[in-house]
Each structure stands twice: as C-alpha cells, then as structure tokens.
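Chain by chain, the residues run as shown.
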Amino acid sequence: MSAPHDSMTSAPSDASSDSPLLLANVSRRGFLIGASAFGGLVLAVGFPAALRAADAPKYGRDGMPDGWTDNPLAFVAIGEDGTVTIVCHRSEMGQGVRTGMPMIVADELEADWKRVRIAQAPGDQKRFGNQDTDGSRSTRHFFEPMRRCGAAARTMLETAAATRWNVPVGEVEARNHEVVHRQSGRRLGYGALAKDAAKLPVPPRDTLRLKDPSRFRYIGKGELKLADGPNIVSGKAQYGIDTRLPGMLYAVVARPPVYGGKVAKYDAAEALKVPGVVRVVEIEQSPPPAEFNPLGGVAVVARNTWAAIKGRQALKIEWNDGPNAGYDSTAFKATLEEAARKPGKVVRNDGDVDGAMASAARRVEAEYYIPHLAHATMEPPAATARIVQGKCEAWGCIQSPQAARDRIAKRLGMSADNVKVNVTLLGGGFGRKSKPDFMIEAAVLSKAMSGAPVKVTWTREDDLHNSYYHTVSVEHLEAGLDAGGKPVAWLHRTVAPTIMSTFNPEARNEAPFELGMNAVNVPFAIPNVRVENPEATAHTRIGWFRSVSNIPHAFAVQSFVAELAAAAGRDPKDFLLELIGPARRIDPRTLGDTWNHGEDPEQYPLDTGRMRRVVETAAREAGWGKTLPKGRGQGIAVVYSFVTYVAAVVEVLVNDKGELAIPRVDVAVDCGAQINPDRVRSQLAGACTMGVSLATKEEISFKAGRVEQDNYNAYEIMRTDASPREIRVHLIPGDFNAPLGGVGEPGVPPIAPALCNAIFAATGKRIRRLPIRDQLKA
Amino acid sequence: MVTLNVNGKTQQVDVAPDTPLLWALRDVLGLTGTKFGCGIALCGACTVHLDGQPTRSCVTPISAAAQRKITTVEGIGADRVGKAVQTAWVEVGVPQCGYCQAGQVMSATALLKQNPKPTDADIDAAMSGNICRCGTYSRIRAAIQRVAGQKGATQ
Ligand code: FES
Ligand code: FES
C-alpha cells in the first residue's frame, strides 16, 4: 500500500515555521488554493455566528464555542505537484478522525486519496471552528461543513479549468484528481490548476453542488486504511510523550495526594544530588475549584525522564492535605446510600408515582453502586513547552487545544496570540485529555527554566492518583407492577457528585447534561414516573469519562428492567420492548431532558422505533432465546446516548468456580449513516471491551483522601485472555442526508448491564455493585 | 558510559547504568517508538527484543542490555516476521489510538517467530502481558491468525 501520509505537520520538526504552519511544507512546492489569502479570508467567510440572532437557542455545531467553518481556505491546500493537503482540526485519539475527516473533504473534492496528505491543525478555533474533541461530536458536527469544504474547492478547480479552456463550467467535471471537459475529453490535473484556482473567490455556500451519495468514492465504504497506521506500527507516530526539542529538559511533578492540598514544606537537597537532576521547582497550587488548573506541587527538572523520576523519589515533602483529607470511599458509599433513600430534588415528575405505588400489586426495589473510574489512557498525560522571545509554543496530547492555549496564556500572563498549541496524536483520551492541566504545567516549568523547552511526563501513578475521575454513584430504583406484571410506577433516585463541582464548589446536584444521560430521559411507556436527584458533595476532581453519566444511569436502569422482567416472570427482551412501547418520536423536553446532547430536539427526537430496531437486531443476530447449556446465559440492554441507539446482547459462561468467560457479544448500532464503517466497528468493539473491563475489574477508591490504586496491578484493565472471544457489530444503515449520531462513546453504557443481566440468566445471581471482580465466587 | 547495540547499530549512552533501557532509548537515542505505559512491567507498552526475546525495557537497566542485540519497533520491520506482522496490523486495521501497538507488534512478532501456528491459548499466553486500553484485542487476534495463515510469512 502506498502511504502518502506524512506524520503530523505540527510535530516538532516544523516547529520553526511560525505561521502559516499548515502550509509551510506545501508552499515550498510552489502552489495553491488560498496561499495568498490564507489568514485574511479565513475569518471572512463560512462563519455562522453573525448570521444568527444572538438570543436564539443554538444547537449542535452552532452551539459550540466558535462554532464551525466550511471555508476551504482553512482546510485545503493544493501544491503544483498535485499533492492535496487536508487539515484535520480535531484530535486523533483512536476514533479515526484523522482518516475520517480528511476523507470527507477528499471525497467531495474528487481527490485521489493516494495523493492526499493530512496536516494537523494547531489550536485555533477562530480559524477552524470548534476543536473540543469530545462528546462524540466530530463527525456528527463536521460531516456537512467538511463536505462543503471539499465541494467548494472542487468548484474552484472546475471553474479554473473551464476558464482556461474557455468553455462553460457546466461542461467540465472533476474526476479523480483531474478536471475533464466532457465533449472534447481534454483534462487537466489538480496540480496544473492549483495556481489559477487559488485566485478565484470561494463560491457561496448556496451555490455548491454536493455529491449524490451514490457517487461517494470513500464515504460510507470503509475501505481506506487508517491514515496513521503505517507510522503507528513502525514506531514513527508522534504522541504527546514523544516530543523532542533541542536542549529539552524532562520533568516529573510530585502533586498533592489529596484534592485541595498543598505543599507545607519540602527539602530538595537529596533530589538535587541525583545525577542528571537540574533543578527543583515548586508549582504554585491553584485552590479549588480545580477547573483546568494544575494541582501544584514540586517538580523535578532533569536531563532525562529517569533522572527526574529518581529525583522525585528523593524529595522530602510535607503536605497540607486540606479539607478532603477524610475522603473515604467506604464511608462515602454509605453517605450516598443514605441520601438515595430519602427524597431529593425532583427532576422529572409524570403522573402520580406515590398513588400508583400504593395501589400496585407488587413493588420491586433495587440499589446499584458504581465506583469512581480512571481513564488510564495508555499514554499518560504528557506535554512540552518552550518560550522564545515572549511567545510560548506547546505540544501535547490534548483534546481541547484552544482551551489549552487560552489557559496557558492566562497562567503566563500573555495574550493568546502569543501562544501556540500543537496537537500530537493522543495515546487514548476518553475525556481525560480534554483538561489541559498538564499542558499548563509544561508552560509554567518552561517559564521557570527561562524559556527552555521542558517536557512534563506523568507516570502511571500520577495518572491514577491525580485524574479527573468518573463520578461515584448510588442509583436507587423502585417500581410498582400491576397484577399482570406491567410497570405502572417508576421512581429513580440518582446520587452522584457532579462534574460541575470541578468548576463550582457549591454544585451538589447533577447538571442537566448529566441527568439527560439516561436518568430523566427514559422513554418507557409507564404512566407514572418520578426522577429525583438528592445532593452529593465532591471530594476529588470529577470529570468526563467516555460516555459519562450514562455509565451509572444506564447500568441501573437497564439492570432494573431485567429485574422487573424476572419479577414479572417475563422474557427480558420481550419485557424491554414492551416497556419501550410502540414506535414514536418523543420530544426529549417532554421527558425532562432540556439538554438532548446539545442537539436540536426537532432534528433529534428520541425515536423509540430506532430503539426497538437495535434491540430486535441484536437479539436476532445473537440468537436470543436459544437453548444454552448449564452455566451459560444471555443478557440484553439498550441505551440511547449521544443521539445514537445501541443494543447489546452479551453471552456469558460462569463455571463451577465462579469464573466468568464471555464467548460472544452482539452489538447493534444505529448512529445514522456511517461515514467510515470500519472505524465505527472498531469503536464499538473497543467500547464493548472497555465496558466489560470497567464492569469486571475497574475501581478507584479513596482512603484518607488519597487514591488507593497505584498502577495497573491495583487498577486492573482487562487483558486479552479475559476479553470477549467474539464481538459482532451490526450496523443499521442510515441516510447520508439525515442527522448523524455519535460513535465514540455510545458503545460503552449498554455493556455493563447486558453483562450483569447475562450473569443473572446464567447463575441467578444479580450484581448490583460494580466492579464484579470476585462476587461470582462468593 | 554504556555501549548498546540497537537495531544493528552500536551506540554509546552516557547515563547512569541503572537507567532503564526504555528511557535510554527514548530520551538519549531518540527512539521514541518504544512506549512508556506503567514503568513496572505490567502493561507491555515498552516491549523490545533482547537477543530475540520479548523484554520489558522499563525494568531492564541498560547495564543488563549491554552486549546484547536490542531490537525495537523501529527495527523490527527488517525481520521478515516483523514485517508481516506490521503489514497485517495495517491491513486488519488493528490500531485505534495506536499507543500500545508498538509493544503488541513486538510481542506478536516474538510469538510468531517462535511458534508460527499459535493456538488461541498460545495467543492468550503470549499477549496477555500487553494491555490495550482502546480494546483492540479481537483485531490483534485476527491479525496474528492472518500472519500465521500466510504461507512463508513465518518460516
Ligand atoms: S512500561 Fe514497561 S511494561 Fe509497562
Ligand atoms: S490502540 Fe490504544 S491502547 Fe491499544
């Protein structure tokens, strides 16, 4: 396979070329669309904010900071040799965005993928639109703008060719990297047209002809190999931890072990004796709320990472732990349970739950516990920064390069114009790397070292001890069944420290975006529903973790549905379908969900027909209801999240010793049309694997305010021997002109409940506390 | 000063002799393909070959690697099996974030060189030391089987 894709242009080798970075390599070849206009025109077109009334509600890509742009001058450059450079402005962390996003542009541009190279955008949202790579939004928000970028550039090339030949533009057509005049058969390559095309104005959006989906070359095919694949398997790919600059120093930081703690005093004498250690620097603590700030602590700056690590071991630090020194997970579980057993803030209330409960033939009650989790990305947070002549340049594995840029600027007291943030590949993100605290650390240390380049590497212990953890929760559910086993009342109390506590210490209730993740927006055909949210106080940094509050909410809701089915003596799949009820499109606001993953409720209603279909598909493909030998069982769950529908059927085998094996999982997904089906499959399989891992093994716990898990021995990640033997992903076909759903996250939440429902089917044992660990052995 | 033979090239590294090979490769020699994941032999991200044996470079001091043949992911493509593994990884689309994959490639190559037709249980045994947080295990298994099924790839 030819591998036209260079490594990231924003890697350190290009560090000297200041602006316009993205075109630096290409411009040496002559060229291009937008060469002279780059920078000037970019802001002038394609920016939606001015077109909209300031106070109208903004949804989807319009509602994100800095919105979007479909300006080809920001994203496409063509060299005289015909090389097409396409900018990817979202961070690659395994979801395949550096393949998928440029592929969309290339398809509409009629570019030959073999002659496309990919450049990574630095953090610059004014130029590229929103770059926060989270919320499973990249493809869903940028499919259309990227199509228009490609179509606009294609139109410019066609216009240039028609002008050259002096024929009407309607007679020419772009086809596979050249423009053809239909009648005469004359043709000109993109390289030969680039210079002329660059002089043309960008065509207005409403004049663009988008391809008919039947003519897509790459979109929807899943045939292109991963753009970074060859570099990854040969060790050339550049991650945040791999940055190397001339004269670079290496740092590790001893951070406060307790959230809100700070250095009382420290003695660096022994550390400074370690060969290779250059300096010991205190990083000032930022008092809570943490926001995106570094936690502070004591940094050891050295000639190599190992010397820094050894130097840190030799530091003597006394900590002032502060008010969270008593945080204890065992005690906190009891606190949450107590709160969950008393009424709390009502966040949805349909009908008369108390009345219906009182007259129900039967009542069922269950409580679920889901612990803190850590992202434990294989690449720990790592960043490099240097300051030259009042300008800071940083490199890192960051999901939010604009936030990193703004926060570095603020901390260093510079204008953001003087800060440049380059995005490397991310060795996993899962939400951890949307917080730029580690990038600010690098900048602060560079400043302390008079601007010398400093790389900060987090060790695994640092990563597990000082993360932005997934919350911890108790989910309390009650239901009333009528004499026929039909649910007539549903009460859900969800109690969990909110992510908002990381920004506002007073926040004690779940935010609308957390409640809208399967606490309130449960679309069941039950007349009486009440959801309550008693308060909980955070004692550590709480953050986004792949699929966020859907994990605890859906675990509880989908486990409880199976518990009700068992109580009613019904098949869990049939019972689930009955609860979902007939196909209908529900306005999420009528379910108390004002958030709807940020999307327009008109465009994205909750569609129970689509939900039913993934349930039916997963069940059919898994052979639901087949006779299984002793110790085997199937479980099912369905979750709507990130405006995508995913159902999973997990098959388990539990032997006499209580050992769990997972021969097979069937996952059905309806995310709308799949732009790169191969990556959708790999994301869903990966999410399934992660879902099993967190359900079976993962837990972060605190004692005396400190995280108890140091490394992968205590914070276990599932390995290949325990992973499902077969994961079959079934994609529901979609319409390329209809709204898209998310892909990166929605595969996670159905796995834990489907797994525990399968364990119940196999053994009769109901798991209500995660992780499962050795509960089956008891 | 310790002399290391890396990917067929002899090089001097001037760091403390207890420095793990991982950091000498990455920080001194600039071979950043070998990754740090845990530092205590739990994750396999740092796997290199020492005289052909898969080895966790994060717990191997350079003093113990001197006089031995070190192969890293940057050099494994020179080996026929290594090349076949890299090709299969790309064809099957194994990587997600890719960070663990250098270690996975090194472990899989060592497995296939020593056992050209591994069973499922052999794969479990050889590959369970390598964590993939992205969950690419099923494609890793498929890629290993693909190489094993190719005539001449491993002999
Ligand atoms: S870094 Fe060596 S095994 Fe994890
Ligand atoms: S591909 Fe991301 S850790 Fe394996």
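Remember, predicted model here, so these are calculated numbers, not experimental data. (Residues numbered from 1 in each chain as written. Chains lettered and ligands numbered in written order. Predicted model: local features only at pLDDT ≥ 70, side-chain atom pairs only at ≥ 80, totals over all residues. Heavy atoms only, no water.)

1. Notes on the sheet that holds strand S4 (residues 53–56) of chain B
Residues and elements named next belong to chain B.
Then, in step 1: Judged by pairing direction, the sheet is mixed, and its five strands sit side by side in the order S2-S1-S5-S3-S4 without closing on themselves. Single-partner strands in this sheet number two, and they are strand S2 (9–13) and S4. Geometrically, the sheet is characterised by an average inter-axis angle of 40° between neighbouring strands, direction not taken into account.
Then, in step 2: One ladder, built from four bridges, connects strand S3 (residues 47–50) with S4; its direction is antiparallel. In the strand pairing of S4, His49 is matched with Pro54.
Then, in step 3: Its contacts with the sheet place helix H1 (residues 21–28) against strand S1 (2–6), S2, S3 and strand S5 (69–71), and it is angled at close to 105° to S3.
Then, in step 4: In the packing of helix H4 (residues 101–114) onto the sheet, the strands contacted are S3, S4 and S5, and the crossing angle to S3 comes to about 40°. (Pairing = 2+ DSSP bridges. Helix = DSSP H or I, 4+ residues; strand = E, 2+ residues; numbered from the N terminus. Axes fitted to C-alpha atoms, helices over the stretch in contact; angles between N-to-C directions. Contact = heavy atoms within 4.5 Å.)

2. Some details on the domain arrangement of chain B
Interface extent is often summarised as the accessible area lost during association of the parts.
Residue and element names in this part refer to chain B.
Then, in step 1: On domain assignment, one finds that chain B holds domain 1 (2–71) and domain 2 (77–149).
Then, in step 2: Spacing between the C-alpha centres of domain 1 and domain 2 amounts to 21 Å.
Then, in step 3: Of the residues lining the interface, 14 residues belong to domain 1; the matching set on domain 2 comes to 10 residues.
Then, in step 4: Carbon and sulfur atoms supply 58% of the area buried between domain 1 and domain 2, which totals about 920 Å² over both sides.
Then, in step 5: Contact with domain 2 buries surface across domain 1, with Lys35, Cys43 and His49 losing the most and accounting together for 40% of the total.
Then, in step 6: Along the contact surface separating domain 1 from domain 2 lie zero salt bridges. (Domains from an automatic or database assignment. Buried area = accessible area lost by both parts, 1.4 Å probe. Salt bridge = Lys/Arg side-chain N within 4 Å of Asp/Glu carboxyl O.)

3. A look at helix H3 (residues 80–92) of chain B
Then, in step 1: Its 13 residues place the ends of H3(B) 18 Å apart at the C-alpha level, agreeing with the 18 Å of an ideal helix rising 1.5 Å per residue.
Then, in step 2: Burial in H3(B) covers these residues: Val81(B), Gly82(B), Ala84(B), Val85(B), Gln86(B), Ala88(B), Trp89(B), Val90(B) and Val92(B).
Then, in step 3: For H3(B), the secondary structure elements touched by its buried residues are helix H7 (229–233) of chain A together with H4 and helix H6 (137–149) of chain B.
Then, in step 4: The opening residue of H3(B) is Asp79(B), an N-cap whose side-chain oxygen sits 2.8 Å from the backbone nitrogen of Val81(B).
Then, in step 5: After H3(B) finishes, the residue Gly93(B) shows a positive phi value of roughly 70°. (Expected span 1.5 Å × (residues − 1). Buried < 20%, exposed > 50% of the residue type's maximum accessible area, 1.4 Å probe, protein only. Polar contact = N/O pair within 3.5 Å; in protein donor to acceptor, adjacent residues only side chain to side chain.)

4. Observations concerning the interface of chain A and chain B
Then, in step 1: Listed as interface residues are 62 residues of chain A and, on the opposing side, 48 residues of chain B.
Then, in step 2: Roughly 4,500 Å² is buried in total at the junction of chain A and chain B, and carbon and sulfur atoms are behind 56% of that figure.
Then, in step 3: Linking chain A to chain B there are seven salt bridges.
Then, in step 4: When the shortest N-O distance is used, the salt bridge between Asp120(B) and Arg725(A) registers 3.1 Å.
Then, in step 5: At the boundary of chain A and chain B, one finds 30 residue pairs in polar contact (both at pLDDT 80 or more).
Then, in step 6: Secondary structure elements with two or more residues in the side of chain A that touches chain B: H7, helix H9 (305–313), helix H14 (460–465) and helix H19 (677–696) of chain A.
Then, in step 7: In terms of residues, the side of chain A that touches chain B owes the most to one element, H19(A), which gives 10 residues.
Then, in step 8: Of the residues assigned to the side of chain A that touches chain B, the class counts are 26 nonpolar, 21 polar and 15 charged. (Nonpolar A, V, L, I, M, F, W, Y, C, P; charged D, E, K, R; others polar.)

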